Amino acid sequence: MSAPALAALQTTRARSRRRVGLVGAVLAAAVVLAFLTTVSLGEYPIGPGDLLTSLVGAGPARVEFVVTRLRLPRALAGLAVGAALGLAGALFQRLLRNPLASPDVIGVGAGASAAAVTALTVFGLSGFGVSAAAVVGAAGTAALIVVLAQRGGSGGGLHGVRFVLIGVGIGSALLAVVSWLMTTASLTTAQQTLLWLTGSLNGVTWAATTPLLVTVAVLVPLALVAARALPRLELGDEAAAALGLPVERARLALLAAGVLLVAAAVAVAGPVSFVALVSGPVAARLAGPDRASLPHAALVGALLVLVADLIARHLLGDIPLPVGVVTGVVGAPYLLWLLARSRTRGAT
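Residues numbered from 1 in each chain as written. Predicted model: local features only at pLDDT ≥ 70, side-chain atom pairs only at ≥ 80, totals over all residues. Heavy atoms only, no water.

Caption draft 1: Region of the structure containing the overall build of the protein chain. A count of helical and extended segments in the protein chain gives 14 helices and zero strands. Helices (α) and strands (β) of the protein chain occur, in sequence order from the N terminus, as α-α-α-α-α-α-α-α-α-α-α-α-α-α. By residue count, 47% of the 348 residues in the protein chain fall in the buried class. Summarising the internal contacts of the protein chain: among those between residues at least 6 apart in sequence, 73% fall at separations of at least 24. For the protein chain, the accessible surface area stands at approximately 16600 Å², while carbon and sulfur atoms represent 68% of it. (Helix = DSSP H or I, 4+ residues; strand = E, 2+ residues; numbered from the N terminus. Buried < 20%, exposed > 50% of the residue type's maximum accessible area, 1.4 Å probe, protein only. Contact = heavy atoms within 4.5 Å. Areas by Shrake-Rupley, 256 points an atom, 1.4 Å probe, with all protein chains shown as cover.)

Caption draft 2: Looking closely at the confidence of the model for the protein chain. Summary statistics for the protein chain give a mean pLDDT of 85 and a share of 89% for residues scoring 70 or more. Helix α14 (residues 323–347) is the least confidently modelled element of the protein chain, averaging 74 in pLDDT, while helix α8 (residues 206–226) averages 94, the highest of any element. (pLDDT = per-residue confidence, 0-100.)

Caption draft 3: Expanded view of helix α3 (residues 61–96). Between its first and last C-alpha atoms α3 spans 51 Å; for 36 residues at 1.5 Å apiece the expected length is 52 Å, and the two agree. At R71, α3 shows its maximal kink, close to 50°; a proline, P73, follows between one and four residues later. (Expected span 1.5 Å × (residues − 1). Bend = angle between axes of the 7 residues up to and from the residue.)

Caption draft 4: Broad picture of the packing of α3 against α8. Taken N-terminus to C-terminus, the directions of α3 and α8 make an angle of 30°; their axes are 9 Å apart at the nearest point. Here α8 runs roughly parallel to α3, going by the angle between their axes. The element α3 and its partner α8 pack so that their crossing is left-handed. Of α8, the residues touching α3 (which contributes T68, R69, L72, P73, L76, A77, A80, V81, A84, L87 and L91) are W206, T209, L212, L213, V216, V220, A223 and L224. The residue inventory of the contact of α3 with α8, partitioned by class, reads 16 nonpolar, two polar and one charged. (Axes fitted to C-alpha atoms, helices over the stretch in contact; angles between N-to-C directions. Parallel < 35°, antiparallel > 145°, perpendicular 65-115°, else oblique. Left-handed = near helix turned anticlockwise from the far one by under 90°. Nonpolar A, V, L, I, M, F, W, Y, C, P; charged D, E, K, R; others polar.)

Here it is in structure tokens:
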């Protein structure tokens, strides 16, 4: 490579790194601002000074109770749920090379929902039982999709389009099961189930938030480490294997990380729609399409859930709405636009 070409390449890489760092800093600042706003707003507004002293355990007793017992668990849960869904969606989309390959589209979220609704309506479980059922449902559904999506049967490699189509089909079947369970449930149980299915942070306590924070704190670094294989996987299975990558093991690790992130989020907040679908493309548009945008997808997801929760609680009437209502309003037009653009590209 000639000296001018090498200098141009180094300049391009430096600009890319600066862009990634700047976008990451702006997104992180926006997440912190949204988080503090979420904790401070409510029927009992809290000023910045009291808020900061309460967060470090030195505020007035009444303020500290409102902050630490009532608002902080919800805000932290929204942060963790958004980060988990945003990162999981970006992993699925990059791995399968399909912008529609987000967990709530390809059936993983539907698997968690079907299992949780079964636990609610059939077995009368609540709390940890429903969360555990959601995790098992998400993992089982993902495993079934992987098995059915193998090229030429088990061990034949994973086909992205086939994965998405099979996932959509299985998700539709599971949503039909959910609808049937809802019609057979009592009115009270059906109301509770509908709230959970919409995706909600209402009533989240430390008992649910603490395990979520621990799980996300463990899974996010592991997912980012596993994502080091993405650039080679995107070259194709044969090229990746030639470069020394254990293809199936790397792909399985990425899928497992994505599924567990989704399961952890859904277990606490229910299937908050479209966060996983939107976060990855937005992060790629802001920071660039390479692997460096994956942490940005987590930040975009966290910001989206926190802002949506603020809107649902304070800007849409006196009754606080589930956060999934707002994310659905944002995400549905994006999905329609994405489908229209895909159809236009296919026609040309």
